[in-house]
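These are the residues of each chain, in order.
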Amino acid sequence: MLHLPAPRLFVAIILNLIVGQAMANAPAPAFSNCSSAQEAVILSASEQASQQLPAVITDLTNLAEKDRAKSPRYTKWFGEYEKNRYKLVLNNFKAIENVLTSGDVSYHCSCEIEPVPIAYAVFATQEIHFCPRYFEDEDFAHDFVHELAHLDGATFGGFVPGVTDYSYTDLAVRLLAISTPDAAVINADSYAFFSQNALADPMLNDGTIPTVSDYPEIPVNTTVEGRIEQGESFIFRTLEADRVVLTSITGDADLLVYNGFFPDVKDSLLCSSNNHSDLVDTCDPQYTDRVQFVEVTGHRAADYTLQVIGDPFTTEPLVAESLADGYEELALDELKRGHVEQGESALYQVVAADYIDISSESGDADLAVYSSPERQEEYLLCRSSERSEYEFCTDEDIRGYYEASNSAVYVEVTGYTAADYTLGLWGSSSGQE
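Anyway, here's the lowdown on the structure attached to this text. (Residues numbered from 1 in each chain as written. Predicted model: local features only at pLDDT ≥ 70, side-chain atom pairs only at ≥ 80, totals over all residues. Heavy atoms only, no water.)

Before going further, it helps to examine the sheet that holds strand 14 (residues 345–351). Within the open sheet, the 5 strands sit side by side as 12-14-19-16-17. Their pairing is mixed. Edge positions in the sheet fall to strand 12 (328–329) and strand 17 (380–384), since each of these pairs with one other strand and no more. Sheet analysis places strand 16 (residues 365–370) next to strand 17, joined by 4 bridges and oriented antiparallel. Counted as the bridge partner of Ala 368 is Arg 383 from strand 17. (Pairing = 2+ DSSP bridges. Helix = DSSP H or I, 4+ residues; strand = E, 2+ residues; numbered from the N terminus.)

With that out of the way, let us pick up the side chain of Ser 190. Looking at the secondary structure, you find Ser 190 in helix 8 (residues 188–196). Classification of Ser 190 by relative accessible area gives buried; the value is 0%. Only 3.3 Å separates the side chain of Ser 190 from the backbone oxygen of Ala 184, close enough to count as a polar contact. Leave out the neighbours within four places in its chain, and Ser 190 touches Trp 77, Phe 78, Val 173 and Ala 184. (Buried < 20%, exposed > 50% of the residue type's maximum accessible area, 1.4 Å probe, protein only. Polar contact = N/O pair within 3.5 Å; in protein donor to acceptor, adjacent residues only side chain to side chain. Contact = heavy atoms within 4.5 Å.)

Take the packing of aromatic side chains next. Under the criterion given, the structure shown has 18 aromatic pairs. With 6.5 Å between their ring centres and 85 degrees between their planes, Phe 78 and Phe 93 make a pair best called edge-to-face. Linking Phe 78 in helix 2 (residues 72–78) with Phe 93 in helix 3 (residues 83–101), this pair joins segments that are 15 residues apart in sequence. On the basis of relative accessibility, which here comes to 0%, the residue Phe 93 falls in the buried class. Joined through ring pairs, the aromatic side chains of Phe 31, Tyr 107, Phe 130, Tyr 134, Phe 135, Phe 140 and Phe 144 make up one cluster. When the ring centre of Phe 194 is taken as reference, the NZ or CZ atom of Arg 73 above it lies at 4.3 Å. (Phe/Tyr/Trp six-rings, centres within 6.5 Å; stacked < 30°, edge-to-face > 60°. Lys NZ or Arg CZ within 6 Å of the ring centre and 35° of its normal.)

Evaluation of the coordinates by the stated rule reveals 2 disulfides. With its sulfur 2.0 Å from that of its partner, Cys 34 forms a disulfide with Cys 109. Between Cys 34 and Cys 109 the sulfur-sulfur dihedral comes to about 95 degrees; the bridge is accordingly right-handed. With Cys 34 in the loop between strand 2 (31–32) and helix 1 (36–62) and Cys 109 in the loop between strand 3 (106–108) and strand 4 (119–122), this pair connects stretches of sequence that are 75 residues apart. In this model Cys 111 forms its disulfide with Cys 131; the gap between the sulfur atoms is 1.8 Å. Of note, the bridge from Cys 111 to Cys 131 carries an S-S torsion of about -125 degrees and is left-handed in sense. (Disulfide = S-S within 2.5 Å.)

Here the focus is unusual backbone geometry. Residues other than glycine seldom take positive phi values, yet Gln 126 does so here, at roughly 55 degrees. Within the element layout of this structure, Gln 126 appears in the loop between strand 4 and strand 5 (127–130). For Asn 221, which is not a glycine, the phi torsion comes out positive at approximately 60 degrees. Among the structural elements, Asn 221 can be located in the loop between helix 8 and strand 6 (222–228).

Counting residues in each nonpolar core, the largest one holds 43 residues, and the members touching the most others are Ile 42, Leu 60, Phe 78, Phe 93, Phe 130, Phe 144 and Phe 194. Among the secondary structure elements, those contributing two or more residues to this core are helix 1, helix 2, helix 3, strand 4, strand 5, helix 4 (134–137), helix 5 (140–148) and helix 8. Look past the residues within four positions of Phe 78 in its chain and what remains in contact with it is Val 89, Phe 93, Ala 177, Pro 181, Ala 184, Val 185, Ser 190, Tyr 191 and Phe 194. Formed by 29 residues, the second largest nonpolar core is a distinct cluster that contains Ala 346, Ala 408, Val 411 and Ala 419. (Core = buried A, V, L, I, M, F, W, Y, C linked by side-chain atoms within 4.5 Å.)

Over its 19 residues, helix 3 runs 28 Å from end to end, which matches the ideal 27 Å to within 8%, given 1.5 Å per residue. Looking at the packing, one finds that the buried side of helix 3 touches helix 1, helix 2, strand 3, helix 5, helix 7 (181–184) and helix 8. A distance of 3.1 Å separates the backbone nitrogen of Asn 84 from a side-chain oxygen at the start of helix 3, and that oxygen is part of Glu 82. Once helix 3 ends, the next one or two residues include Gly 103, with phi positive near 80 degrees. (Expected span 1.5 Å × (residues − 1).)

Turning our attention to the pattern of salt bridges. Considering all chains together, one arrives at 12 salt bridges under this definition. Among the ionic pairs, Asp 67 bridges to Lys 66, the shortest N-O distance being 3.2 Å. Note on Asp 67: relative accessible area 9%, which makes it buried. Relative accessible area serves as the criterion here: at 67%, Lys 66 is assigned to the exposed category. The salt bridge involving Glu 328 is made with Lys 336; its shortest N-O contact spans 3.1 Å. The network of salt bridges with shared partners includes Arg 227, Glu 229 and Asp 303. (Salt bridge = Lys/Arg side-chain N within 4 Å of Asp/Glu carboxyl O.)

Turning our eyes to something else, we now look at helix 8. Burial within helix 8 is extensive, with 8 of its 9 residues counted as buried. Listed in full, the buried residues belonging to helix 8 are Ala 188, Asp 189, Ser 190, Tyr 191, Ala 192, Phe 193, Phe 194 and Ser 195. Following helix 8 by one or two positions, Asn 197 has its phi on the positive side, about 50 degrees.

Before going further, it helps to examine the pairing of strand 19 (residues 408–415). Counting buried residues in strand 19 gives 7 out of 8 residues, a clear majority hidden from the surface. Where strand 14 lies against strand 19, 7 bridges are found, and the strand directions are antiparallel. Bridging across to strand 19, Val 351 finds its partner in Ala 408.

Keep in mind these numbers describe shape, not what the thing actually does.
See below:
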């Protein structure tokens with residue numbers, strides 16, 4: 001069950017006035033009811049925003065269309081790439097920058113609504129009101145950009161004066177991007193998080209594709225302790241977890257559990273919990289015998305314990321057959337690096353792999369898994385020949401064969417083009433002692 005956090009009470013006050021009325025010759029930004037210290041905080045946030053927004057616009061403009069679908073930074077905050085949504089995000093950032101540089105915005109250190117929020121924007125009069133909590137929150141630039149996003153209505157689809165508020169806080173905003181990207185691109189906090197980029201997520205990664213072994217393993221029925229800073233994120237891997245419990249001893253850490261090779265992608269999220277009341281977050285990921293990824297994020301800096309609970313899947317050990325001619329035998333949880341020329345094949349034999357993946361570090365290598373060393377179509381269990389850097393065969397393709405035959409599988413790596421590759425073979429403890 002998704003538990004969204006209590007709203008931080010940003011408010012966009014929408015007055016039923018004519019949208020898009022020109023505000024030409026407006027005076028320079030003015031302060032009202034602000035102390036000199038408060039003015040200094042607001043000016044500092046404004047200066048940060050004035051540096052960040054042009055850089056954001058440049059980054060979005062310069063990212064090649066072919067790279068947008070795999071942009072870590074864009075997909076984290078706005079979700080799955082779609083051409084029109086991407087264009088909307090870029091235009092909205094331009095509009096937010098125009099609001100900041102127009103000289104039309106006035107800043108008020110008074111709050112006239114209940115309950116008292118952190119800050120709120122009044123679209124009709126182009127005002128931002130900063131409440132006492134704003135000056136205590138320390139996310140000055142983040143909150144500033146959030147409110148700026150509420151002050152331009154024409155660009156946000158032309159149907160409301162200003163972007164709306166679907167979700168607040170980093171975890172909820174990321175979940176919104178995964179589940180509902182159409183909402184993420186008109187969510188004020190999504191723009192604030194993207195512009196701040198606290199974890200320095202790249203617009204385009206360096207081409208390095210992580211493997212399962214890059215993430216520390218937590219066996220089931222194990223408890224680990226750790227500390228995480230605000231905005232940080234740690235990812236662990238486990239297998240066969242029935243329940244994951246995160247306890248914040250100090251501060252507040254949040255929990256996500258994914259099923260699949262890449263965490264933080266659409267359709268792989270099993271559960272999330274960001275309970276800000278009793279500081280115990282629990283996920284029941286609906287037991288799977290596939291690798292699970294557990295992510296701990298710092299809502300605030302926190303000391304925590306993480307407990308992974310499960311009843312490991314057990315069967316009779318699978319029996320390794322004699323090595324077939326022309327095949328190299330590989331063990332579970334092993335990375336095999338190699339090279340194939342175009343049209344060439346490399347052959348491997350393995351027992352009890354639940355998940356087999358291949359990363360093409362250069363060129364393009366394809367993956368096929370068979371139940372027989374003869375590698376004919378009638379023996380094919382899985383074939384992945386996407387024109388992409390990463391391909392895989394899952395337990396859904398392979399596990400049924402193991403359970404029926406108690407036998408090995410045969411892996412073929414073929415060069416669609418000449419390629420350097422890394423082959424990963426992953427499995428549960430049921431396969432080998």
